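Descriptive structure summary
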Number of protein chains: 2
Amino acid sequence: MAKQISDLKLGILGGGQLGRMLIQEAINYNLTTLILDPDTDAPCKHLANYFECGSITDFDTVYNFGKKADIITIEIEKVNIEALEQLEKEGKLVYPQSRVIRLIQDKGVQKQFFKENNIPTAPFQLVNTKEDMRNSYIPFPYILKQRKDGYDGKGVMKINNIEDIDNAFDAPCLIEELVDFEKEIAVIVSRNPNGEMKTFPMVEMEFNAEANLVEFLISPSTYPESIQERAEVIAKNIATSLNITGLLAVEMFVTKTGEILVNELAPRPHNSGHQTIEGNYVSQFNQHLRAIFNLPLGDTRATNNAVMINLLGEKNHTGVAKYKGLEKVMAIDGVYVHLYGKKYTKPFRKMGHITIVDQNREKAIEKANYIKETLKVIS
Amino acid sequence: MAKQISDLKLGILGGGQLGRMLIQEAINYNLTTLILDPDTDAPCKHLANYFECGSITDFDTVYNFGKKADIITIEIEKVNIEALEQLEKEGKLVYPQSRVIRLIQDKGVQKQFFKENNIPTAPFQLVNTKEDMRNSYIPFPYILKQRKDGYDGKGVMKINNIEDIDNAFDAPCLIEELVDFEKEIAVIVSRNPNGEMKTFPMVEMEFNAEANLVEFLISPSTYPESIQERAEVIAKNIATSLNITGLLAVEMFVTKTGEILVNELAPRPHNSGHQTIEGNYVSQFNQHLRAIFNLPLGDTRATNNAVMINLLGEKNHTGVAKYKGLEKVMAIDGVYVHLYGKKYTKPFRKMGHITIVDQNREKAIEKANYIKETLKVIS
C-alpha cells in the first residue's frame, strides 16, 4: 500500500492561530505535525509533535526544518522562499508552491499578476520613493501599501494629500486608487494536485477601521446569485492561473455599481474562513489538508448562517489576557469560542474568535452584536 | 476577576481517544491539559501540555498527578478511587465525583442503585461463585457480567445452559435476565455544579455481536416522541439521584413491548456521543468541559442526521495500522474521519470512528453501509 496521510509528517512554517486550528484538524488524520516559529510561547507549541523555536525567514533554519518533513506548508507568507525552493529541488512537497508564495509575498507582483491575467482589480502604480509618490497620476486620496511584510492591517495607510506623503512608508510600495466599495467580500478556493477545485460560498466582511482588521464576517452572503457566481469564478480563475495546490483566500470589493475588484490574496487558511469550522460541511483547515495531501476535496456548502467575530485585545490593555464576559457569551445558544492560546494581550492583537450559528440570519447578527459589546479581552 | 477556564489546569486520568477528543475541544478554551496514562504511546501523548506515563490505578501515582491540576476528570472508570477521595478532601475538584465513579465502577452496585431509585432495569442477581450461578433463579439463557473492570465488550458473556457455567468468569459477577430488546438506545445527560442539566437527543445503536461493541449509531432517533421523552426523563432522574457533575451516558434497551430498561452508565464522554461533534450544536466533549468548569451548558439539539461507525481493527490483522479505502471514503460528501492516533491495530481494537451527516436520513445510512464495506483497518 502506498504511503498514507497517517504515515506522513507535515511541517508548518509558523505556529500561530492558523497553525493551531490546522493541528486541531490534523489530529483527526493521525498526522505528525512539526512547527517552526520564532516565539517560544507560540500557540502551537504544546500541540505539535515537534516544535522548533527558530526563524522562519532564515535560510538554514527553514531548510533544516523542512528536511524533517514530508510535506511543508505555511500559515504566514513571510517565510524564506529560497529554502523552500531548495527543498522542492530536493524532492520535498511544498504546498503552496514556493513560486506562489514568492508572487503573493510582494503585493506589487501580485497586482501585476492580476493585470497580466485580466483579473479585475483597482488601478495601481508601483513606487519606490516619496518622489515617485508625489509624481503619481493616481488622485488623492489613495491607498498606500508596502509591497512586502504587511499583515493584520499593518503596512497599509491612506494618503489624503501631498503633505501626508512626508509620513508615508519609506519602502517599495504600491499606490492604489481608493475604491468606493459597498462591501468587502471573500471567496476561499481550494485545489489539489489532481486539479480538483472547490470554492467555499462567498462571505461578507465588516472592517474595524481603526485596527484595519476584519471585525465581523457573515456567511453565506445575501448578494444576488449572479454576483456570488462571478466572485467564485474570479477566485477559480486565479487559482488556475497560479496553478496553486492548497487553499487560496481571495479578498475582493463589491463596488457600488456592482463591479467586483480583487483586493489581495492569501495562499493558506485565512481569517475569512474561520466560520467554516462550524458553519460549513468541511472546514477550511480540513480542506487545506485534503488539498495538500492530494485527497478528495470536501463539501464546502454552508450548513447554517454563521457570523464570525474576531476577538481583539482592548485598547489600553497590555498584559496577561483575561476574557471578560466569557460566561455570559457561552450562555447563548450556537456560540463557539476559539481562544488562540496567547498569554499576553495588547491593543488589537488577535486573541481569538467567536462563531455564532443560527438558522435565523438576523438573530445570528443580533447575537454577534451583543457578543461584541459583552466579551472583552483585557489585562 | 475570578479564575477563568483559561487559567486552569485540567488533569485527565487516561489518555486514549476520549481524552484526545476532549483535548481537541479544550484547545478552544486555552485550557492547560495534563494526562496520566500507562501507555508511553497513548493517543494524547503529544497533545497534552503535560503527559505522564504512569498507572491510573495506583494510589500514589494518581494522587501526585492530581496535585498538579485544578480540576480532575476521567476518560475511563477504572482509576484509583482512594486517591481521588484524598484529593477531594484536600480541596481539589474531581468531576465526576469519586463517589459516582466508585458506584459506577461496580456493575453490581450500579444495579442496586437502579433498584433503590426505581430506575427501570432488567431483573438481576449478584453472584460470587459458580455455585451461586448454578443455584440462580434467573432462567437460561442469561447474561453474565463481571462486576468490575469490563470495558469495550469485555467482561460480558451469554450463559446458555448449565454446562456454560464451567467456562464462566471466576470473579464477582451479576446475572441479568436476557432482555428481548428491539433496540439499544442511549441518552447523554450533562449537569454542572449549579444544577443546570441538559440531555442530548436520544440515539439508536446497532451492535456487532461478535465484538460486542457499538458498530453503528444513528442520531436522532425516529422512535415516537413519547419514548424519547421517557428515555430523557430516566437519564435526568439518574443524573439527579447521583448528583453528578459532568457527563453521564445512559445506555438503555427498548423492549419489543415499548418498555425502557437501563443497561449501564458511563460518567464521562462516551462512544454513543461521538456523532455530536458534527451532528449537534454542542459536542459532548465541549459539554463535558462546560459542565465540569461550571459554565452554562450548550445547545444539545441535532443540526442534522448523523450516523457514526466505529472503525475497528480487522480480524486477522495485528501490527502497524493501515487504513484501506480512506481516500474513497473521503470522496463522499458529509463524511468526517476521526483516527485515534494508535500506531498498532489488533482485531476489534477501536482505531477511530467515522461520522456521516446528511439532510436525508436514508442517504446517511446508505453512505454508512458503503463505508463499513469500504474502509478497513489492516496491518
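Up top you'll find the structure we're talking about.
Residues numbered from 1 in each chain as written. Chains lettered and ligands numbered in written order. Predicted model: local features only at pLDDT ≥ 70, side-chain atom pairs only at ≥ 80, totals over all residues. Heavy atoms only, no water.

**Some details on the sheet that holds strand S6 (residues 124–127) of chain B**
Residues and elements named next belong to chain B. Heads up, the rule is: Strands qualify as paired when DSSP identifies two bridges or more between them. Labels follow the DSSP assignment, with helices taken as runs of H or I lasting at least four residues and strands as runs of E lasting at least two, numbered in each case from the N terminus. To define axes, lines are fitted to C-alpha atoms, for helices over the stretch in contact only, and angles between the resulting N-to-C directions are given on a 0 to 180 degree scale. Throughout, a contact is declared for two residues whenever any of their heavy atoms are within 4.5 Å.
Strand order in the open sheet formed by four strands is S6-S9-S7-S8, and the pairing between neighbours is antiparallel. Strands with a single pairing partner mark the edges of an open sheet, and in this sheet they are S6 and strand S8 (156–159). In this sheet, neighbouring strand axes are inclined to one another by 25° on average, regardless of whether the strands run parallel or antiparallel. One ladder, built from four bridges, connects S6 with strand S9 (residues 173–177); its direction is antiparallel. What sits directly across from Phe124, in S9, is Glu176. Against the sheet, helix H5 (residues 107–116) makes contact with S6, strand S7 (142–146), S8 and S9, and its axis sits at roughly 145° relative to S6, the strand it touches most.

**Details of the side chain of Thr245 of chain A**
Along the chain, Thr245 of chain A falls in the loop between helix H7 (225–242) and strand S14 (246–255). Dropping the residues within four chain positions of it, Thr245 of chain A is found in contact with Tyr95, Pro96, Gln97, Arg191, Asn192, Pro193, Ala291 and Ile292 of chain A.

**Some details on the relation of the copies chain A and chain B**
Using the following cut-off: To superpose the copies, least squares is applied to the C-alpha atoms of every residue with a pLDDT of at least 70 in both.
For the pair chain A and chain B, the relating rotation is 180°, the translation along its axis is 0.0 Å, and the fit reaches an RMSD of 0.0 Å. Seen this way, the second copy is the image of the first under a two-fold rotation axis. Closest to the rotation axis within chain A is the C-alpha of Leu47 of chain A, separated from it by 2.4 Å. Looking at chain A, 100% of its interface residues are interface residues in chain B too, so the copies touch through the same face.

**Quick word on the nonpolar core**
Keep this limit in mind: Side-chain atoms within 4.5 Å link the members of a nonpolar core, which is a set of buried Ala, Val, Leu, Ile, Met, Phe, Trp, Tyr and Cys residues. Buried residues are those whose accessible area, probed at 1.4 Å on protein chains only, stays under 20% of the maximum for their type, while exposed residues exceed 50% and partly exposed ones sit between those limits.
Membership of the largest hydrophobic core comes to 98 residues, with the highest contact counts inside it found for Phe293 of chain A together with Phe293 of chain B. The residues contacting Phe293 of chain B, other than those within four sequence positions of it, are Ile5, Leu8, Leu10, Leu31 and Ile71 of chain B.

**As for empty space enclosed by the protein**
Filter applied, for reference: Think of a 1 Å grid over just the protein atoms. A cavity is a set of points where a 1.4 Å probe fits yet cannot get out, a pocket is an open set with protein on both sides within 12 Å along at least five of seven lines, and lining residues have an atom within 4 Å of a point. Grid points are joined across faces, edges and corners, and a volume is the space filled by probe spheres set on the points.
According to the stated counting rule, one finds six cavities of 30 Å³ or more in the structure shown. Considered as a void within the structure, the largest cavity measures approximately 80 Å³ in volume. In terms of lining residues, the largest cavity is bounded by 14 residues, among which Arg290, Gly298 and Asp299 of chain A together with Gly334 and Val335 of chain B are the most central. Those elements giving two or more residues to the lining of the largest cavity turn out to be helix H9 (284–292) of chain A together with strand S19 (335–339) of chain B.

**Thoughts on the packing of helix H3 (residues 81–89) of chain B against helix H4 (residues 98–105) of chain B**
Residues and elements named next belong to chain B. As a reminder, the rule being used: Working definition: roughly parallel below 35 degrees, roughly antiparallel above 145 degrees, roughly perpendicular at 65 to 115 degrees, and oblique for all remaining angles. Helix crossings are classified by the rotation of the near helix relative to the far one: an anticlockwise turn of less than a right angle makes the crossing left-handed, while a clockwise turn makes it right-handed.
At a minimum axis separation of 9 Å, H3 and H4 run at an interaxial angle of 165°. In terms of axis orientation, H3 runs roughly antiparallel to H4. Crossing geometry of H3 relative to H4 is assigned as left-handed. Two secondary-structure elements touch here, H3 through Ile81, Glu82, Leu84, Glu85 and Glu88 and H4 through Ser98, Ile101, Arg102 and Gln105.

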